[in-house]
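# Coordinate analysis (summary)
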Amino acid sequence: MTAPKPTKLRSFFASAFAWDAFLALLTLIPALVFTALFFPGRANVDIGNQYAQATGDVPFSDWHPPVMSAVWRVLISITGAAGSLLVLQVAILALACWGLGAIVHRWGAPRWVSLVGPAIMATPWVVSQMTTMWKDTQMAVSMLLAVVLLIITRFVPKTWVLWIPALVLLVYAFGLRKNAIFAIVPIVVYIGYLLVRRLRGSRGFAKFAGRFGSRFAGRFGPRVAGRRGIATAVASLLVLVVLGAGLKGTDAAVESQEDVQATGQISQIFLDDVMFSVPNKDLQASDAPAELKKKISTARDKCLEKGEIWDAYWNCYGKGETGEPFSPIAHQEELKDLWLTEVITHPIRYVEYRAAVFSFYFFTSAVEYWPAEWHYDAKKVGLEQGNDKADYIVKPYVEDFALDTFPMLFKPWFWTLLAGLLLVFGYRARPRSHASQVPTVTRTFWPEITMLATSALFYVFGYFPIVPSNHFRYTFWPALAVTTALLLVLAMWRSQRATTAADAPGPRPGPGDRTTTSAPGKALPASDPGEAP
């Protein structure tokens, strides 16, 4: 007796396209609920200042990234809603998480694994930061979506156009935090890797290689991997130049519309280094103005009494020259000269101070969640408070459950450890070939996993000379990057197990559990040319 043929409706619901739609629904519903709970978004004094710039209540300045205030102003002009920036922030994350779920499913992982993509939105370390419109949060979600778009271009043919929005997102992330460069460099190298792979497969590149390859074969022939590495480095450098040009162009565009006041915010770092690493006798013996030396010395005593050895501008120095938040520090040039003559000329005591600050950041955390009661700075600039029930629903999950039970989830050392382990596993899992063997084409996420783990590590250690506090928002990108990398590891592991089970005697996987066709709307290619060593 023959089995009945599946109906068209049943075939549709078993298709990859229907599963993509289901994943989209799973992503959309919690995103809408979350937005409704926290609209128009939580804000501290920094975000309040950027909102005031966006609404025109205060002039633009470069103390905070002008691009965020400019984007916020555009969104408000279109929607009329202060919470439009929160909507954009959540939408970017939702699109990225949906994309991750769709990618791993179409790549060949079981459907339950693809559910982890939307589930990333519900992890406590993600929920904790999405409530507040930190520039760090927007930077992280922008880079995540850029990475997702780039992964699609590697596996899906004729999707190179996605490089454009990916680069735009990276430029935005770079504009939000200048130290994002540490996290972006590994992503740029990944883009260079993708460019070299694409060029290697193009007819023009093949023709070029055929014409000029013989000229260099004798000299470089045996070093194929080295030549690929050089090509990737050159391509990565070009991409980095494009991003730098994009950042300069973005800043110029903002400055053409707004009079952006220069504040010399880097003087905060100089102040901390001078105040806490230069002995008072050396400070007093310097050629700095007496007023500056007296203020630094007095402020240092206040900070030490409070047990603070960083962020002196806010903790004890009295802010800027006017005493108002975000006002420039007086004697900036003299402070810079002090840093050049008394700080970097004594590397041991400088490293000692920075190691102390970095250690405190690395092993502790603060401001894991921004509660509604901290609304005073937002209220000053006219930002309304959201649903008062939001804290009763979300705060116990983030603080009482996750933070109290698994505190390591909010510590930089934990995500650094996971990133390091991922790199070790990636190195051990790399494809190897010998002269007597024919290289096999493999399908793997290890390039993406390596890129994400390296980006997380670079970003954490990039804070060594500049870390201003131990807020968890500075660790949000490493946490998000490593979480994504772990999803890709899980996808590879379960996919390999599914393949082994399919090859063994017994029942085959059901419809939709593993697909290998590359037709539009079905699945990603079953193998990735270019992964061969």
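The numbers attached to residues start from 1 for each chain and follow its sequence in the written order. Note on the predicted model: pLDDT of at least 70 is required for a residue's local features to be given, and 80 or more for side-chain atom pairs to be given and counted; whole-chain, interface and lining totals, by contrast, use all residues. Based on all heavy atoms of the structure, the side-chain values leave hydrogens and waters out of the count.

This paragraph deals with unusual backbone geometry. Cis geometry is adopted by the peptide bond preceding Pro40, which originates at Phe39 and carries an omega value of 5 degrees. Numbering of helices and strands runs from the N terminus; a helix is a DSSP stretch of H or I covering at least four residues, while a strand is a stretch of E covering at least two. By secondary structure assignment, the location of Pro40 is in the loop between helix H2 (16-38) and helix H3 (45-54). Of note in the backbone geometry, Lys158 takes a positive phi value of approximately 60 degrees without being a glycine. Positionally, Lys158 belongs in the loop between helix H9 (135-155) and helix H10 (163-176).

In this structure, Ser69 sits in helix H4 (residues 66-79). Burial classes follow relative accessibility: with a 1.4 Å probe on protein chains only, a residue under 20% of its type's maximum area counts as buried, one over 50% as exposed, and anything between as partly exposed. In this structure Ser69 comes out as buried when scored by relative accessible area, which is 0%. Note on contacts: a residue pair qualifies if any of its non-hydrogen atoms lie within 4.5 Å across the two residues. The contact partners of Ser69, leaving out residues within four places of it in the chain, are Gln50, Gln53, Ala54 and Phe60.

This paragraph deals with the nonpolar core. One broad trend across soluble globular proteins is that nonpolar side chains are buried collectively. Here, nonpolar core refers to any group of buried Ala, Val, Leu, Ile, Met, Phe, Trp, Tyr and Cys residues whose side-chain atoms link them within 4.5 Å. With 141 residues, the main nonpolar core has Trp72, Ile296, Phe445 and Trp477 as its most contacted residues. Here this core gets 13 residues from one element, more than from any other, and that element is H9. Residues contacting Ile296, with those up to four places away along its chain left out, are Leu271, Val274, Met275, Leu283, Tyr317, Leu335 and Leu338.

For Phe, Tyr and Trp, rings pair up if their centres lie within 6.5 Å, where Trp contributes its six-membered ring, and each pair is then called stacked (planes under 30 degrees apart), edge-to-face (over 60) or tilted (otherwise). Considering all chains together, one arrives at 30 aromatic pairs under this definition. Pairing Tyr51 with Trp72 gives two aromatic rings, centres 5.2 Å apart and planes at 55 degrees, and the pair type is tilted. Taken together, the residues span a long stretch of sequence, with Tyr51 in helix H3 and Trp72 in helix H4 at a distance of 21 residues. As far as burial versus exposure is concerned, Tyr51 and Trp72 are alike and both buried.

A few words now on helix H11 (residues 181-200). In a helix, the anticipated span is given by 1.5 Å times the number of residues less one. Taking 1.5 Å of rise per residue, 20 residues should cover 28 Å, and H11 covers 28 Å from first to last C-alpha, within 8% of that figure. Of all the residues in H11, the buried ones are Ala183, Ile184, Pro186, Ile187, Val188, Tyr190, Ile191, Gly192, Leu194, Val196 and Arg197.

There is a patch of nonpolar side chains on the surface, built from Phe363, Trp413, Leu417, Leu421, Val424 and Phe425 and spanning about 560 Å² of accessible area. The element best represented in the nonpolar patch is helix H22 (residues 412-429), accounting for five residues. In this structure, Val424 sits in helix H22. A patch is a set of surface residues, each over 30% in relative accessible area and not in a salt bridge, joined within 9 Å for like charges and within 5 Å for the nonpolar side chains Val, Leu, Ile, Met, Phe, Trp and Tyr. Surface accessibility follows the Shrake-Rupley procedure with a 1.4 Å probe radius. Residue values consider only the protein chains on display as shielding. Only one rule defines a salt bridge in this text: a Lys or Arg side-chain nitrogen within 4 Å of an Asp or Glu carboxyl oxygen.

Let us look at the state of the cysteines. Whenever a pair of cysteine sulfur atoms sits within 2.5 Å, that pair is classed as a disulfide. Counted by the stated rule, this structure contains one disulfide. Put simply, Cys303 and Cys316 are joined by a disulfide, and their sulfur atoms are 2.0 Å apart. In this structure the cystine formed by Cys303 and Cys316 twists about its S-S bond by roughly -90 degrees; its chirality is therefore left-handed. Taken together, the residues Cys303 in helix H16 (residues 290-306) and Cys316 in the loop between helix H17 (312-315) and helix H18 (332-343) connect sequence positions 13 residues apart. As far as burial versus exposure is concerned, Cys303 and Cys316 are alike and both buried.

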